[in-house]
Amino acid sequence: HAERERLFSAAVESSNDAIITMSLDGTITGWNSAAERLFGYTAVEAVGENITLLVPDDRRTEIQDALRRIGWGESIEHNETVRLRKGGSPVEVSLSISPIKSPSGATIGISKVVRDISDANKTRQVLRQQAEELRRIFETSQDLIMVMDSRGFLVQISPSCDAILGYRPEEMIGRSGVDFIHPDHLENSREEMRAARRGQRPKISDTRCMHKDGHAVWLSWLGTWSDPVKRFFFVGRDMTESRQVQETLRESAQLARGIIDTAL
């Protein structure tokens, strides 16, 4: 029994989570090293104080509710909330609270495990912000953004497909990406997908696609493959007008050379 107690005490002291024990009225009876590091109070300072020492005024009802539920024998798992450090600064934490029971089954105390989740919440906030920024780019992009699965079927496409290819997103999702490629460019498109999947450096290539009404649309593509999510990502810029201008200039240059040659 003494050895078990020693091992248990060592485990509590070496835990990275703050472990606090309390009496049923919230008086702190145990305080490990992680609790000292998290909250700034030494065990001497904390033991004997009420747990409200760590609770902001606007969170006091949480303690009353928790003490009542633990008294009924319930447990509280992973409750995210805010607590106070010694200097009064707030810290975001996850709480797991359990009753301590006697051999007879009566609740005689409370055990609380506290984990600092400030960094995790900051990371989640950054990821949410990045996801929102990417969503806005996707929704407002004038370029055509396509996401395809490993078989080449469209799983997501930007709303710009309507202006560029004449299709609404729901008309394209679920179809093969090659359905919208001009037959003369099918093999090149398939080779680009194979190259992307092999991890070769993405290259920009011009591909002739088909508008819903049947006319050709030239898109300048940059594609890549993401192995972790098993997805192809393509961004295409509509170069149709640019190509028409270039063709007009070539024709004008040829006509001018013809006139000059005739005059000479």
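Read on for an overview of the structure.

Procedures and definitions
Residues numbered from 1 in each chain as written. Predicted model: local features only at pLDDT ≥ 70, side-chain atom pairs only at ≥ 80, totals over all residues. Heavy atoms only, no water. 1 Å grid on protein atoms, 1.4 Å probe; cavity = no way out; pocket = protein on both sides within 12 Å on 5 of 7 lines; lining within 4 Å. Points joined across faces, edges and corners; volume = space filled by probe spheres on them. Helix = DSSP H or I, 4+ residues; strand = E, 2+ residues; numbered from the N terminus. Buried < 20%, exposed > 50% of the residue type's maximum accessible area, 1.4 Å probe, protein only. Pairing = 2+ DSSP bridges. Core = buried A, V, L, I, M, F, W, Y, C linked by side-chain atoms within 4.5 Å. Contact = heavy atoms within 4.5 Å.

## A closer look at empty space enclosed by the protein
Right, so step 1: Inspection of the entire model under this criterion finds one cavity of 30 Å³ or more.
Right, so step 2: The computed volume of the largest cavity comes to approximately 160 Å³.
Right, so step 3: In terms of lining residues, the largest cavity is bounded by 16 residues, among which M148, G177, I181, S189 and W221 are the most central.
Right, so step 4: Mapped onto the lining of the largest cavity, the elements with two or more residues apiece are β6 (144-148), α8 (186-197) and β8 (205-210).

## Some points on the pairing of β8
Right, so step 1: Going residue by residue along β8, you find S205, T207 and C209 tucked away on one face and D206, R208 and M210 left uncovered on the opposite face.
Right, so step 2: Bridge count for β8 against strand β9 (residues 216-226) is six bridges, and the pairing is antiparallel. Bridging across to β9, M210 finds its partner in A216.
Right, so step 3: The hairpin turn running from β8 into β9, its antiparallel successor, is five residues long, and G214 in that turn takes a positive phi close to 105 degrees.

## Things to note about the nonpolar core
Right, so step 1: In this structure, I20, W31, F39 and V114 are the most contacted members of the largest nonpolar core, which totals 23 residues.
Right, so step 2: Looking at this core, the elements that each hand over two or more residues are β1 (18-22), β2 (28-31), α2 (33-39), α4 (60-71), β4 (90-101) and β5 (107-116).
Right, so step 3: Counting residues per element, this core draws most heavily on β4, at four residues.
Right, so step 4: Every residue in contact with F39, bar those within four places of it in the chain, is listed here: A18, I20, W31, L54, R83, L84, R85, K86, V91 and V114.

Just distances and angles here, no functional claims.
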